[in-house]
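Here is what each chain is made of, one letter per residue.
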Amino acid sequence: MAELEVRDLTPLFGAEIIGFEPKLPLDDATLQKLRTLFNEKGMLVFRNLETDKDFQTYLSYALIEKEPPAVDPTVNPKRESVVSNKVENAIAPVGRLLFHSDMMWSKDILELLSLYGLEVEQPATPTMFVSATHAWKTLPADLRARVEGRFAEHVHDLSYERSGGDADVLTAKFQDDDSVKLPIAYRHPRTGETLLYICQQMTSGIADLPKAESDELLEALFDHLYNSQPVFEHHWRKGDLVVWDNLALQHARPNVVAVGPARTLRKTFAPMPESFKTRTPQFAQAGA
Ligand SMILES: [Fe+2]
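Please read all numbers here as calculations on a predicted model, not as lab measurements.

Visitor: Where do I start with the coordination of the iron ion in this structure?
Guide: Six octahedral donors around a metal ideally subtend angles of 90 or 180 degrees, whereas four tetrahedral donors ideally subtend 109.5 degrees. Taken together, His100 (NE2), Asp102 (OD) and His251 (NE2) make up the full set of protein donors to the iron ion, lying 2.1 to 2.2 Å away. All donors of the iron ion belong to a single chain; written as a sequence motif, their spacing is H-x1-D-x148-H. Placement of His100 in strand E5 (residues 97–100) and of His251 in strand E16 (residues 249–253) is noted, with a sequence separation of 151 residues between them. By the burial criterion, His100 is buried, and His251 matches it.

Below, the structure written as structure tokens:
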């Protein structure tokens, strides 16, 4: 492949790759360069790409050096693996999404997400990103001292309460009440970087603290995570492929409406969480 051109998307994370040709498999040199960039930048963006689901899945697994499953588990008869306001049974069809890392509530570690613009009419609602890695690095000393050694509990979805009762906000619930407690200073399993690992959408509280103190501390941590760094917005076009580290970066979006411009993005998960094989999330808006 011709020499790839790399352009930083923000001073903190993200790289746009120019001159990339999707080929299955990629040559070793290209793959190694992309892996290094992915680990350093947390997000790769390719524009004007013609690519199918096989290549998108291959690249998602190759970047984190894992083997894709022999049988594609995204083939779920109940749900298409697309985020869309037009396709029936799509993921997150409408609504606003608060910042989160997918599946933070699960014991399955979901390292990577990707979205590819299949059909994008303008003006398209962007996807927004912040860095949990940067948030940990810049966490003020007093807050760092309060969370060091502590665990947070993550549940399915607290969007409605957290958004102050915004009827547009979308909630996603699974059929059971899974939750998990993880260190707030969470060590990334692949890069070894420490993350500030809590999120607006799913973190219900800090373990072993009275509720009022837990709520106050979480508010201070959210304020730091979401208000002390620039938010990067990816503005979608057809043919965009965005691949990101689901742990190091959190994502969100403003409202999407069913009658708005078509916004259909093909999604991959790597590695595919075990729980996706048996469960299907239910999406709901309070105002719907
Ligand atoms: Fe998500």
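Visitor: Whenever I open this one, the environment of Phe276 confuses me. Can you help?
Guide: With respect to the helices and strands, Phe276 occurs in the loop between strand E17 (263–270) and strand E18 (282–285). Phe276 sits 102 residues away from Phe174 along the chain, and the two C-alpha atoms are 9.8 Å apart.

Visitor: Just to check I follow, could you spell out the nonpolar core for this structure?
Guide: Generally speaking, nonpolar side chains in soluble globular proteins are found buried as a group. Ranked by internal contacts, the top residues of the largest apolar core, which has 82 residues, are Leu34 and Phe46. Setting aside chain neighbours within four positions, we find Leu34 in contact with Leu4, Ile17, Phe20, Leu26, Leu44, Phe46, Leu59 and Leu63.

Visitor: What is the right way to look at the pattern of salt bridges in this model?
Guide: Throughout the structure, instances matching the rule amount to 12 salt bridges. Across the pair Asp166 and Arg96 runs a salt bridge whose closest N-O atoms are separated by 2.8 Å. With Asp166 in the loop between helix H5 (159–162) and strand E9 (170–173) and Arg96 in the loop between strand E4 (82–84) and E5, the pair connects residues that are 70 residues apart, well separated along the chain. On the basis of relative accessibility, which here comes to 21%, the residue Asp166 falls in the partly exposed class. Notably, a salt bridge pairs Lys211 with Asp215, separated by 2.6 Å at the nearest N-O pair. Linking Lys211 with Asp215, this pair stays in helix H6 (residues 211–227), spanning 4 residues, or about one helical turn. Each of Lys66, Glu111, Arg190 and Asp245 takes part in a single network of salt bridges with overlapping partners.

Procedures and definitions
Residues numbered from 1 in each chain as written. Predicted model: local features only at pLDDT ≥ 70, side-chain atom pairs only at ≥ 80, totals over all residues. Heavy atoms only, no water. Donors = N, O, S within 2.8 Å, 3.2 Å for Na, K, Ca; no water. Helix = DSSP H or I, 4+ residues; strand = E, 2+ residues; numbered from the N terminus. Buried < 20%, exposed > 50% of the residue type's maximum accessible area, 1.4 Å probe, protein only. Core = buried A, V, L, I, M, F, W, Y, C linked by side-chain atoms within 4.5 Å. Contact = heavy atoms within 4.5 Å. Salt bridge = Lys/Arg side-chain N within 4 Å of Asp/Glu carboxyl O.

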